[in-house]
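One letter stands for each residue in the lines below.
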Amino acid sequence: MDYKTSGVDIEAGYRSVELMKKYVKETMRPEVLGGLGGFSGAFSLAKIKEMEEPVLLSGTDGCGTKVKLAMVMDKHDTIGIDAVAMCVNDIACAGGEPLFFLDYIACGKNYPEKIASIVKGVAEGCKQSDAALIGGETAEHPGLMPEDEITGENLKAGDVLIGMASSGVHSNGFSLVRKVFDITKESLDTYYEELGTTLGEALLAPTRIYVKALKSIKNAGVTVKACSHITGGGFYENIPRMLKDGTHAVVEKDSYPVPPIFAKLAKDGEIEEQMMYNTFNMGLGMILAVDPEDVEKTMDAIRAAGDAPYVVGKIEEGEKGVTLC
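None of the values given here were measured: they were computed from a predicted structure.

Caption draft 1: Spotlight on the packing of aromatic side chains. Applying the stated rule across the entire model yields four aromatic pairs. Ring geometry for F235 and Y277: centres 5.2 Å apart, planes at 90°, overall edge-to-face. With F235 in helix α9 (residues 234–238) and Y277 in helix α11 (residues 273–277), this residue pair connects regions lying 42 residues apart in the sequence. Owing to a relative accessible area of 0%, F235 belongs among the buried residues under this scheme. Between F262 and F280, the ring centres sit 6.1 Å apart and the planes meet at 55°, which makes this aromatic pair tilted.

Caption draft 2: Main features of the environment of A85. Within the element layout of this structure, A85 appears in helix α3 (residues 79–93). Taking the relative accessible area as the measure of exposure, A85 reaches 0% and is therefore buried. Along the chain, A85 and G41 lie 44 residues apart, while their C-alpha atoms are 20 Å from each other. When residues no more than four places from it in sequence are discounted, the contact partners of A85 are T207, R208, I209 and H229.

Caption draft 3: View of the side chain of S187. Position of S187 relative to the elements: it lies in helix α6 (residues 185–188). Polar side-chain contacts of S187 include one of 2.7 Å to the backbone oxygen of D182.

Caption draft 4: Focus on the sheet that holds strand β8 (residues 226–229). With respect to topology, six strands assemble into an open sheet ordered β8-β10-β5-β11-β9-β12, the strand pairing being mixed. The open sheet has two free edges, formed respectively by β8 and β12 (321–324), since each of these has just one partner strand. Recorded for the sheet is a direction-independent mean angle of 25° between the axes of neighbouring strands. Relative to strand β11 (residues 309–317), strand β5 (residues 160–165) is paired through five bridges, and the arrangement is antiparallel. What sits directly across from V160, in β11, is K314. Along the sheet, helix α8 (residues 211–219) contacts β5, β8 and β10 (284–290); its crossing angle with β10, the most-contacted strand, is approximately 15°.

Caption draft 5: Examining the state of the cysteines more closely. Applying the stated criterion to the full structure yields zero disulfides. Lacking any disulfide linkage, C93 is separated from the closest cysteine sulfur, that of C227, by 3.5 Å. We note that C126 lacks a disulfide partner, and the nearest cysteine sulfur, in C87, lies 9.5 Å from it.

Caption draft 6: Examining helix α10 (residues 260–269) more closely. When α10 is considered as a whole, its buried residues turn out to be I261, F262, K264 and L265. Looking straight down α10, one finds that the buried residues subtend no more than 160° of arc, so they occupy a single side. What points out from α10, more than 90 degrees from its buried face, is the exposed set A263 and K267. Residues of α10 that are buried sit in contact with α5 (174–180), β6 (191–192), α7 (199–204) and α11. Within two residues after α10, E270 carries a phi angle of roughly 50°, on the positive side.

Caption draft 7: How the structure looks around the pairing of β10. Across the seven residues that make up β10, a large majority, seven, are buried. As paired elements, β5 and β10 share six bridges and run antiparallel to each other. Bridge pairing in β10 links A165 to L284. As defined by bridge partners, β8 adjoins β10 across four bridges and the pair is classed as antiparallel. By the bridge assignment for β10, H229 is matched with M286.

Calculation criteria
- Residues numbered from 1 in each chain as written.
- Predicted model: local features only at pLDDT ≥ 70, side-chain atom pairs only at ≥ 80, totals over all residues.
- Heavy atoms only, no water.
- Phe/Tyr/Trp six-rings, centres within 6.5 Å; stacked < 30°, edge-to-face > 60°.
- Helix = DSSP H or I, 4+ residues; strand = E, 2+ residues; numbered from the N terminus.
- Buried < 20%, exposed > 50% of the residue type's maximum accessible area, 1.4 Å probe, protein only.
- Contact = heavy atoms within 4.5 Å.
- Polar contact = N/O pair within 3.5 Å; in protein donor to acceptor, adjacent residues only side chain to side chain.
- Pairing = 2+ DSSP bridges.
- Axes fitted to C-alpha atoms, helices over the stretch in contact; angles between N-to-C directions.
- Disulfide = S-S within 2.5 Å.
- Arc of directions from axis to C-beta.

Next up, the structure:
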């Protein structure tokens, strides 16, 4: 009896590491110390000395049951982008800059090429957000599976809400998605005219990363008063999280284009509109509030970063919450 016969292939683990190294190296930043393969990743914080009031933000998240679709389609090169996006978007939403990333992959059996494909996506997400991938873990489980921090304190009635377009469903609501659609290879490979792609490709579209857009806004000299990453819980749960007491958000549903995948979800699943906006991002992955005089400058900065912005509403006085009209 040895470890391999019990279900854990150490040699496959070694091969996975060798295959992923080239992708990891592409994410390096000057602050990364040492090479790959250590027991921990080292990242220099020397630049903190240049800050008056340094603050470190931390966050962790995952891409949920969207992984199931990747498994059915045997397509693993984008799910890693989703994992990074869910974490770095939360950090960026609070006004922070992602510095480094650690990944954790748990699997029933280690297929080195598939693991490397996942890490390739993780590395791509890190490159999109200028974060270094400095370490991680692949666990084989046979039988198992700063001073400019954005706080919302200066939010006031009259501030304008700007939304940034999502790439689709992103990484939230997939437990419901899997109830609506037949999650088989045949079903996911079916092309739909209204989607302009197959169902699987529409659902697996990688989560949009907004780090560069938020950095572009900051570099343009705009103060983002409040910001919300539209994840699980959709509009109704996430938008109130950016508000302070005494402020109320009003969002105009017709102020931006809703991707067709959401219309198909609502129709095929017979999902009421309120539930759609309470579960999915409905086409807006990030919503932020700025002073009215900064709207055009903000829109230009977002476009310069390659994202699509829309003026989607405003802040009013009232009980903390959101109204969709």
